[in-house]
Every structure is written in C-alpha cells, then in structure tokens.
Amino acid sequence: MPMLKDPSTKYKPFPPVNLPNRQWPSKCLEKAPRWLSTDLRDGNQSLPDPMSIAEKKTYFNKLVEIGFKEIEVAFPAASQIDFDFTRYAIENAPPDVSIQVLSPCREDLIKRTVEAVKGAKRATIHIYLATSDCFRNVVFNMTKQQSLELAVKCTKLVRSLTKDVDSNTDWDFEFSPETFSDTDLEFSVEICEAVKAAWEPSEAKPIIFNLPATVEMATPNVYADQIEYFSTNISHRDQVCISLHPHNDRGCAVAAAELGQMAGADRIEGCLFGNGERTGNVDLVTLALNLYTQGYTPNLDFSDINSVIDVVEKSNKIPIHARAPYGGSLVVCAFSGSHQDAIKKGFNNRQVKNEQFWKLPYLPLDPEDIGRTYEAIIRVNSQSGKGGSAWVILRNLELDLPRGLQVEFSKVVQNQAEIKGQELSNQELCNLFKNEYFIDTPDKEYYKLVDYSISNSSSGERTINFQLLIDNKPVEISGKGNGAISSFVNGIKNSLGISLDVRHYHEHSLGKASDSKAVTYIDTEVNGEYIRWGVGIHEDVTQASFLSIISILNGIRRK
Ligand SMILES: CC(=O)SCCNC(=O)CCNC(=O)[C@H](O)C(C)(C)COP(=O)(O)OP(=O)(O)OC[C@H]1O[C@@H](n2cnc3c(N)ncnc32)[C@H](O)[C@@H]1OP(=O)(O)O
Ligand SMILES: CC(C)C(=O)C(=O)O
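Within every chain, residues take consecutive numbers counted from 1 along the sequence as written. Ligands are numbered from 1 and chains lettered from A, in the order in which they are written. Residues qualify for local features only when their pLDDT is at least 70, as the model is predicted, and side-chain atom pairs are given and counted only at 80 or more; totals for whole chains, interfaces and linings, by contrast, use all residues. Just so you know, side-chain values use all the structure's heavy atoms and leave hydrogens and water out.

**Q** Please explain unusual backbone geometry as it appears in this structure.
**A** In this structure, histidine 236 takes a positive phi of about 45° despite not being glycine. Relative to the assigned elements, histidine 236 resides in the loop between α8 (220–233) and β7 (240–246). In this structure, aspartate 440 takes a positive phi of about 55° despite not being glycine. Counting from the N terminus, the helices are DSSP H or I runs at least four residues long and the strands are E runs at least two residues long. In this fold, aspartate 440 is placed in the loop between α15 (426–437) and β9 (447–456). We call a residue buried when its accessible area falls under 20% of the maximum for its residue type, exposed when it is over 50%, and partly exposed in between, using a 1.4 Å probe and counting protein chains only. Since its relative accessible area comes to 63%, aspartate 440 is described here as exposed.

Right, here's the structure in full:
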C-alpha cells in the first residue's frame, strides 16, 4: 500500500494540552535526576534473544559500577531465568542499590514477584496497568472505575505482602499508569490518587508514580505539559516521586525526558544506548552526558565508555549505532577536511592558551573524559584535506609537517583514497608518507648517501666531498658553496645535472632528549620546472638535511 495522499483520512493529530499557565519553558536542567536502569527488564524483554543469566550478571555488575542506585532487574513472574536472576541481584547488590521488579496487576503474578525479592535489603515493587481509553476498551474491556478498583486492589495486595508484614526490607512501591501519554490527564491523576491513598506514602518514603510515554505519540512539549499538569494536580506532591519512562517512537525520547524534568519529574527510567521495545527506551547515556557537558554531574560514570559498549553489545547482541550520541564509533571522528582543520586548530589553540573551559570546534565533549582517544578523532578518506593527514602523521610519527609539505602530501593521499574508495587507516597513511618521502625504505631508494666530509676555507667557502650509491654503484661527488646545503646541491648539479633550488628549510627535533633526532624538511624547485619536498631524519642535523635532498632525488627519479 502506498502512502496516503491525504493521511488525515487515517491519522488524527494528537490534541494539545490546555495549560496556558505552563511554567516549564522557563526552567533549566541543573541537577541529575534519580536514575533507574531498566536494561535488564524493558531492555531485555525487547530482545530477540533475551539475556542468559551469565549475561545478566555481567550487565548488572556494570550498571552498579557505572553508579546506578536503582535497577529494575527482571519481570520475575515471566520466566525461571528472570526469577533466578532476581535472587542473584538480591544476594549481590551493594547495600545502597535498590532492586526493582515488575508485575502486572494480577494476584498470582504479584505474589510470585514479591517472593522473588524476599530478603532484599532494599526493593521496589513496580506494578502497571494501562489506563488509556484505547487500552481499557481494546485490551482489557474495563471501565475507568474497574481499572481504578483493580489498581487499588493490587496496591493493597503488594502492601499486605511487603511493608505491612516485613520490616527487614526497605520497601518502595511504584505504580505505572501504563500508556500515561495517551491517557486522559484527569483520569491519570484520579487513579494515582486512589493508589496513593491505598499505599499511604510519607515524605520520607514517597510513592513512585511512573508516567510512561509507553508509545511516544506527540511532540516532547506536549509530554512536558502532561507532566506539569500531573505534578501540579496530584495532592501531597512531597510524598510523590514522579518518574518518567519515555519511549522513542518519534525519535524524541531524550528531548521528552529533558523537558519532562523541567516540568517537574524527579526520576528517569531508561536503558543504556536506548535499547528497549520498538525504537527503544530513552537513552540514559545521552541524558547523563548531556548534563555533564552543561557542567552538571550526572552521578553516573562513563569514564570508560568502551567497556560499557562492550557489555551492552555482547549482552543485547545488537550493535550500538555508529552515530549513537557519545558512544557511537564515528561520533568523535571527522573525515571531512574543514572539520579536521577546525578540530586540529582547536586542539592547538587549547594547548597554547591552556584554556580551562572546553570550547572546541565540532566537539561538544572532550573525548578523553569518556576514555576515547584523540588519535581516533581524525580519520582520512577522499573527503579529507591536508590538515587531516598532517594530524595523523603528527600523532603517529611525531612529524610536524610544514604547510607546503602538507599540501603536497595531501595530493598523494587524495589519489590513494580515490583509488582505494575507502578510508585509509592510520597505518596505511603512515606507510604512504614513508614511501613517498623515502623514510625507512632502503629497498626502494635509487640514491643513497654513503659518506661525506666538509672543509671550510678562510674565505668562508665550504667544500663538500660525498659518496652516493646510485643504483648500487658508488659515485664520488664534490661541491662548493657558502653553506653545507648549497655545497651539496651544487655538487649534485655539477655531477648529475639536476638543478635543485632550495626554497624553504624547516627542522625540529624528534623523540626524547637522550636519543633525539633531527628532522629536516626542504623544498626545492627542480630544474626550474616544479616543486618537490624532501624529508630527512638523522641524529646529526646536517646529515638530516642531506638526507632531505636525497629524498628529493629519489622522488624525482621515481616520478
Ligand atoms: C509496557 C510494558 O513493557 S509492560 C511489561 C511487558 N512485559 C512482558 O510482557 C514480559 C513478561 N510477560 C510474560 O511473561 C507473560 O506475558 C505473562 C507471564 C506476564 C503473562 O502471560 P499470559 O498469562 O500467558 O498472558 P499473555 O501474555 O498472553 O496476555 C496478557 C494478559 O494479561 C493481561 N494484562 C496485560 N497487562 C496487564 C496488566 N498491567 N495488569 C493485568 N493484566 C494485564 C491482558 O489483558 C491479557 O489478559 P487475557 O489473557 O485475559 O486477555
Ligand atoms: C511497565 C511500563 C512502565 C512500561 O514499560 C511502559 O509503559 O513502557
């Protein structure tokens, strides 16, 4: 079936919330919410191959290491694996980590769920019941009153099995009017008021009302309006913790969670990298690092994001998208020339000025803060410019190429990238550079410098005698000039007939003081026809410059 010419015959716009006095648009996010990871429940239930116990254990331990204090570990009534894993979590959770478990409003399943957390230090029983007209009519065939009565009955059941009889565990209770985002707001408040009265929370022990966008159906500002309405209309607000559980059907779950917090929410439920039903739950990594880049601590530690990715990918058996915010393999990489140029200048500026605050073109977060390396930032393909290759050569070979050499080498890189039709790895790029300028390539050199001696006359003129191997045959050459380089190129012109007019000379040291070398970069006009750069590396700076000239000769010969 093709898309409809007039979709209004099939789809209706989501009605806006009438909240003319809304306050949230002028609020800011300035602190971390309470976080709940539901990776092991909502995330797990959406997987084609749910996690094994071993995978759940590894995942759970990683969540604890990251700093989650509330973890929904299972739907214990669903399977023996979920039940058994709940037992593991209860027995192994650190004392400050609360274990949360989920059950529908069914008596047998609630009993099994509470049984699974027996002996916990801290536990949250979470029950849910869909409240929207659509679900009540289509799935349950229940009136509003019947739904309310069922929710109250189940809340009382949980109470009678937990806080009323067992004071060894620190009990919390969470109720989700499932499909909240599509539920009439007055009814959401009404059913939660009834549940609250049944549970009897206190300021010290608030009840958690989780207000899910079970399916994301509207723009995130509408969700924020719904949250603000609930937050301002529920009674005894100080005895209530408002939790959000946004799904990502329209791709706006992160925005919904952020606006929802501005509208009054205290707690966020989601999954790492946005795993979860359909398009996923809200991505907790993005939310946490969004806060971090505003200067607020998220209370979650992603210093070693690669190890988190490793656990998530192995357990879910779903790769993290290469463009996933913060964690994607490509998000701290630049291929395009203008991005590379700006990033390279940004790093340089930061180093020179020793800037305190992070302000770098194209990079909202210092990759080092999440354990990613600068080396990986700039990668080279046919969209890259001179700055990208120069960066890779600098980071890998410690050669700080002069601008003219960058321009010359970038043509070589461009040619190779177009031939390959793919990205060039750092290793390939370094090999390309060494090959182009004859560094550590004895088998490829037509000209080799064997030995030389220099003498000075009282008039200041220098004479150099040197031996070259040309195609493995020794050739003795002599040249005069007012400096070592000019004597050397004069000798070459006189005996080989190659005219090299030196235009620029650059040098810098390479390596640590004790065994440092000199690198020289020389560019010459060759026979008055074209420009060619050479690179020489040696312990002795004079010999390094001769090697630059030899590098040019080898380049000419190959050309
Ligand atoms: C939005 C969410 O993510 S909610 C969490 C969803 N997670 C899961 O479903 C994973 C685990 N689920 C399971 O293992 C199973 O579905 C079980 C054990 C809960 C139930 O299995 P079954 O008894 O075979 O029921 P089944 O899955 O076919 O259907 C759901 C039934 O529960 C009812 N139901 C659905 N949600 C709820 C609820 N919140 N409270 C009470 N009953 C509910 C449905 O109306 C349906 O009842 P019916 O059979 O009388 O029509
Ligand atoms: C159980 C509830 C919270 C849920 O997963 C949802 O509504 O998406």
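Now, onward.
**Q** Honestly, the UniProt feature "domain: Pyruvate carboxyltransferase" (unreviewed entry) in the protein chain in this entry has me stumped. Any pointers?
**A** UniProt positions are given in the numbering used here, feature names are shortened, and annotations may be inferred rather than shown by experiment. Using the residue numbers shown here, the UniProt feature "domain: Pyruvate carboxyltransferase" (unreviewed entry) corresponds to residues 33–306. Between the C-alpha atoms that bound residues 33–306 there is a distance of 24 Å. The span itself is 44% helix and 19% strand.

**Q** Explanation requested: the site of ligand 2 in the structure shown.
**A** When we say a residue is near a molecule or strand, we mean one of its heavy atoms is within 4 Å of it. Taken together, Arg41, Asp42, Leu102, His126, Tyr128, Ser176, Glu178, Asn210, Pro212, Thr214, His245 and His247 make up all the residues around ligand 2. Between ligand 2 and histidine 247, the relevant distance is 3.0 Å, taken from an oxygen atom to a side-chain nitrogen or oxygen of the residue. Isolated, ligand 2 exposes 260 Å² of accessible area, and the fraction of that covered by the protein chains is 94%. When residues of the shell around ligand 2 are traced back to their parent elements, those giving at least two are α1 (39–45), β4 (122–130), β5 (170–178) and β6 (207–213). Any residue outside Ala, Val, Leu, Ile, Met, Phe, Trp, Tyr, Cys, Pro, Asp, Glu, Lys and Arg is labelled polar, Gly included; the first ten of those are nonpolar and the last four are charged. The residue inventory of the shell around ligand 2, partitioned by class, reads three nonpolar, six polar and three charged. Within 3.5 Å is the distance limit for a polar contact, defined as a pair of N or O atoms, with the added protein rule that one can donate a hydrogen and the other accept it, and that residues adjacent in sequence qualify only through two side-chain atoms. Each accessible area is a Shrake-Rupley estimate made with a 1.4 Å probe; only the visible protein chains count as cover when residues are assessed.

**Q** Would you mind showing me how to read the domain arrangement of the protein chain here?
**A** These domain boundaries are the output of an automatic or database domain assignment. According to the domain assignment, the protein chain consists of domain 1 (33–316), domain 2 (337–437) and domain 3 (442–558). Residue contacts are counted whenever heavy atoms from the two residues lie within 4.5 Å of one another. On the side of domain 2, six residues touch domain 1, which itself brings eight residues to the contact. Each of two parts loses accessible area, computed with a 1.4 Å probe, when they are put together; buried area is these two losses added. Both faces considered, domain 1 and domain 2 share a buried interface measuring about 550 Å² in area, 58% of it formed by carbon and sulfur atoms. When a carboxyl oxygen of Asp or Glu is within 4 Å of a side-chain nitrogen of Lys or Arg, the pair counts as a salt bridge. Counting across the domain 1 and domain 2 interface gives zero salt bridges.

**Q** Hey, could you run me through the site of ligand 1 in this one?
**A** Taken together, 15 residues lie near ligand 1, and Gln45, Cys105, Arg106, Tyr128 and Glu178 sit nearest. Separating an oxygen atom of ligand 1 from a side-chain N or O atom of arginine 41 is a distance of 3.2 Å. Protein coverage of the free-state accessible area of ligand 1, which is 1000 Å², stands at 54%. Those elements giving two or more residues to the shell around ligand 1 turn out to be α1, β3 (98–104), β4 and α5 (133–140). The greatest single-element share of the shell around ligand 1, amounting to three residues, is contributed by α1. Residues of the shell around ligand 1, tallied by class, amount to ten nonpolar, one polar and four charged.

**Q** Which parts of the structure should I look at to understand the sheet that holds strand β14 (residues 530–538)?
**A** Neighbouring strands of a sheet are bound in pairs by backbone hydrogen bonds; such pairs are parallel or else antiparallel. Whether two strands pair comes down to DSSP finding at least two bridges between them. Read across the sheet, three strands follow the order β12-β13-β14 without closing on themselves; strand pairing throughout is antiparallel. With one partner strand each, in any of the chains shown, β12 (500–510) and β14 form the two edges of the open sheet. Direction aside, the axes of adjacent strands within the sheet are offset by 15° on average. With nine bridges connecting them, strand β13 (residues 517–526) and β14 associate as antiparallel partners. Following the sheet pairing, threonine 524 is matched in β14 by arginine 532. Axis lines are fitted to C-alpha atoms, over the contacting stretch for helices. Their N-to-C directions set the angle, which ranges from 0 to 180 degrees.

**Q** Honestly, the sheet that holds β9 in this entry has me stumped. Any pointers?
**A** With respect to topology, three strands assemble into an open sheet ordered β9-β10-β11, the strand pairing being antiparallel. On the outer flanks of this sheet lie β9 and β11 (473–481), each paired with one strand and no other. With direction set aside, neighbouring strand axes in the sheet form an average angle of 20°. Pairing between β9 and strand β10 (residues 462–470): nine bridges, direction antiparallel. Note on β10: the bridge partner recorded for serine 453 is asparagine 465. Those strands touched by helix α16 (residues 484–496) are β9, β10 and β11, and its axis lies near 125° from that of β11. Along the sheet, helix α17 (residues 541–558) contacts β9 and β10; its crossing angle with β9, the most-contacted strand, is approximately 140°.

**Q** Help me understand helix α9 (residues 253–262), please; the structure alone is not making it clear to me.
**A** Think of an α-helix as turning once every 3.6 residues; residues three or four places apart then point the same way. Of all ten residues making up α9, eight are buried, and the element is well covered by its neighbours. Phi turns positive, to about 125°, at glycine 264, one or two residues after α9.

**Q** Is there a simple way to think about the side chain of threonine 113 in this case?
**A** Within the fold, threonine 113 resides in helix α4 (residues 107–116). Ignoring sequence-local partners within four residues, the contact set of threonine 113 consists of Pro76, Ala77, Val101, Leu102 and Ser103.

**Q** Mind showing me how you'd approach the packing of helix α6 (residues 144–161) against helix α7 (residues 185–199) here?
**A** Think of two packed helices as two axes; the pair is described by the angle between the axes and how far apart they sit. Two elements in contact, α6 and α7, have axes separated by 9 Å at closest approach and are oriented at 25°. By the angle between their axes, α6 is roughly parallel relative to α7. α7 is crossed by α6, and the crossing has right-handed handedness. Between α6 and α7, the contacting residues are Lys144, Ser147, Leu148, Ala151, Val152, Thr155, Lys156, Val158 and Arg159 on the first element and Phe187, Glu190, Ile191, Ala194, Val195, Ala198 and Trp199 on the second. A class-by-class count of the residues in the contact of α6 with α7 yields ten nonpolar, two polar and four charged. Here the angle decides the label: under 35 degrees means roughly parallel, over 145 means roughly antiparallel, 65 to 115 means roughly perpendicular, and every other value means oblique. Crossing handedness is defined as follows: a turn of the near helix away from the far one that is anticlockwise and smaller than a right angle gives a left-handed crossing, while the clockwise case is right-handed.

**Q** Just to check I follow, could you spell out the side chain of glutamate 72 for this structure?
**A** Along the chain, glutamate 72 falls in strand β2 (residues 70–74). Judged by relative accessible area, glutamate 72 falls into the buried class, the value being 0%. In this structure the side chain of glutamate 72 is engaged in a polar contact, spanning 2.8 Å, whose partner is the side chain of glutamine 100. Within polar-contact distance, the side chain of glutamate 72 engages the side chain of histidine 126 at 2.7 Å. In this view, glutamate 72 contacts Leu36, Ser37, Thr38, Leu40, Arg41, Gln100, Val101, Leu102 and His126; residues no more than four positions away in its chain are not counted.

**Q** Help me understand the pattern of salt bridges, please; the structure alone is not making it clear to me.
**A** When their charged atoms lie close together, side chains carrying opposite charge are able to pair. Here the structure, examined in full by the defined rule, presents 32 salt bridges. The salt bridge partner of aspartate 170 is arginine 122, with a shortest N-O separation of 3.9 Å. Of this pair, aspartate 170 sits in strand β5 while arginine 122 is found in strand β4, placing the two residues 48 residues apart along the sequence. Judged by relative accessible area, aspartate 170 falls into the partly exposed class, the value being 30%. On the basis of relative accessibility, which here comes to 26%, the residue arginine 122 falls in the partly exposed class. Its salt-bridge partner being glutamate 200, residue arginine 159 comes within 2.9 Å of it at the nearest N-O pair. Of this pair, arginine 159 sits in helix α6 while glutamate 200 sits in the loop between α7 and β6, and the two are 41 residues apart along the sequence. You can call arginine 159 buried: its relative accessible area is 16%.

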